[in-house]
Amino acid sequence: MQHATPSATAPGSSQPWYKVLYIQVLIAIALGVLLGYVLPETAKSMKWLGDAFIALIKMMIAPIIFCTIVHGIASIGDLKKVGRVGLKALIYFEVVSSLALVIGVIVGEIVQPGAGFGVDPAQLDAKAVAGYASKAQADSTVAHIMAIIPKSYFDAFAGGDLLQILLIAVLTGIVITGLGERGKPAIHAIEAAGEIFFRIIGMIVKLAPIGAFGAMAYTIGQYGIGKLGNLAGLVATFYLTSLLFVLVVLGLIARFSGFSILKFLAYIKDELLIVLGTSSSETVLPHMMQKMKRLGASDSVVGLVIPTGYSFNLDGTNIYMTLATLFLAQAVGADLSFGQYATIIAVAMLTSKGASGVTGAGFVTLAATLGAIPGNPVPVAAMALILGIDKFMSECRALTNLVGNGVACVVVSRWEGELDPVKLREVMANPVAIGTEIADEKPVPVAP
């Protein structure tokens, strides 16, 4: 694919600076923060702008994921290879996710962000988190498994549940592969449908600055910057821990895989800014798949790893789960045993699955984790302490999840021997110039 030669008008773009998407999003976020601080009541009324943008994106998630996974499996043509790629991805997800959970525990023990709060559990407002607690209680292992199965084939599309979409897409891809020559017309039809859906997404993403403005204005207007000051220690600890995880853990993984994590971050800068504004990594899922293909990862690996990673590779959520649990334990004066630490890690590994880029999902999984600790040393009502700042932390969760999934896709593609090193070197040599804004990206051609 040919790329425009960069000009002096804007870094990495031939367009005037004010037409570059990531600059528009940055300005929108700044204006949203300013409006939320100066006119909080007016800012609250802007919430619908962010909600509308997220709804438009989520409207296209199900068909895009379905088409991508089905075409990815069918284009491989070898079910053994599909199983091999899936197994490698799951192994990688579990190893890195476990590291994220352990790092959250280690940092929580070293920094002690909740020490000195001296909160009396009896005086906590349980009503404030009752809704999250009830959802967590309903999310048993059996209920979690049953929720993956849709009521009907098309109900998965209507509900937009990512795990349900994954299930029917994998089953459909396997069947089409088994049809051989008779399945080729279906493959071409799905490929054409996928191109249509990607072009629709390209139109919708041009509204990203408006969505980011509305979401950020509402966040600051509703919760206020002062909330950050009240619990600045926890917020700062979480952001710094996530940053270190990205730069050190994912940075080392990237280095061993032949690329720089800093250049990779520059390459996906547009997606990172949109996620920052909307607090949901789902808003850029389709374009992450496009950019990973452009980076040199194979179509089949991208089609399997990126969508699956949104449910099974949640590094930011995992760090949050253990760090927030330790913060609350320290705040109420609970002294956790080694067995309770082990339970926290094991339960968090399970409950985090399926919290795929949805704003607030991390808070529900946190409630489920607290409720599963033996002896109930940390009451679920303690979550009221961090309810006001959870929105600020959701941005960091989504950003870390996004970066982790992108790195995973490149790693698995190289592990499978299907990473184009020429493309990778080209992109990493000048990521800003090649990583053009999302709105102008065309669908990546897929080999028949």
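Residues numbered from 1 in each chain as written. Predicted model: local features only at pLDDT ≥ 70, side-chain atom pairs only at ≥ 80, totals over all residues. Heavy atoms only, no water.

- The name an unreviewed UniProt entry gives the chain is C4-dicarboxylate transport protein, with Methylobacterium frigidaeris as the organism.
- Taken from UniProt, the Sequence similarities (unreviewed entry) comment for the chain reads in full: "Belongs to the dicarboxylate/amino acid:cation symporter (DAACS) (TC 2.A.23) family."
- As recorded by UniProt, the Subcellular location (unreviewed entry) comment attached to the chain reads in full: "Cell inner membrane". (UniProt positions renumbered as here; feature names shortened; annotations may be inferred.)

Comments concerning the packing of helix α15 (residues 285-295) against helix α20 (residues 390-415)
Working step 1: The geometry of α15 relative to α20 is characterised by a closest axis approach of 10 Å and an angle of 35° between their N-to-C directions. Between α15 and α20 the crossing geometry is right-handed. Contact residues: α15 offers Met288, Met292 and Leu295, while α20 offers Leu402, Gly406, Cys409 and Val410.
Working step 2: For the contact of α15 with α20, the residue count by class is six nonpolar, one polar and no charged. (Axes fitted to C-alpha atoms, helices over the stretch in contact; angles between N-to-C directions. Helix = DSSP H or I, 4+ residues; strand = E, 2+ residues; numbered from the N terminus. Left-handed = near helix turned anticlockwise from the far one by under 90°. Contact = heavy atoms within 4.5 Å. Nonpolar A, V, L, I, M, F, W, Y, C, P; charged D, E, K, R; others polar.)

Overview of the UniProt feature "transmembrane region" (unreviewed entry) in the chain
Working step 1: Within the UniProt annotation, "transmembrane region" (unreviewed entry) is assigned to residues 20-40, 52-77, 89-111, 162-179, 200-225 and 231-254.
Working step 2: Here residues 89-111 runs as 100% helix and 0% strand, with 33 Å between its end C-alpha atoms.
Working step 3: With 100% helix and 0% strand, the stretch residues 162-179 has end C-alpha atoms that lie 26 Å from each other.

Topic: unusual backbone geometry
Working step 1: If you check the backbone angles, Gln112 has positive phi at about 55° while not being a glycine.
Working step 2: The topology assignment puts Gln112 in the loop between α4 (79-111) and α5 (130-138).

Digging into the nonpolar core
Working step 1: Counting residues in each nonpolar core, the largest one holds 120 residues, and the members touching the most others are Phe264 and Met292.
Working step 2: Formed by five residues, the second largest nonpolar core is a distinct cluster that contains Ala43, Met46, Leu49 and Ala217. (Core = buried A, V, L, I, M, F, W, Y, C linked by side-chain atoms within 4.5 Å. Buried < 20%, exposed > 50% of the residue type's maximum accessible area, 1.4 Å probe, protein only.)

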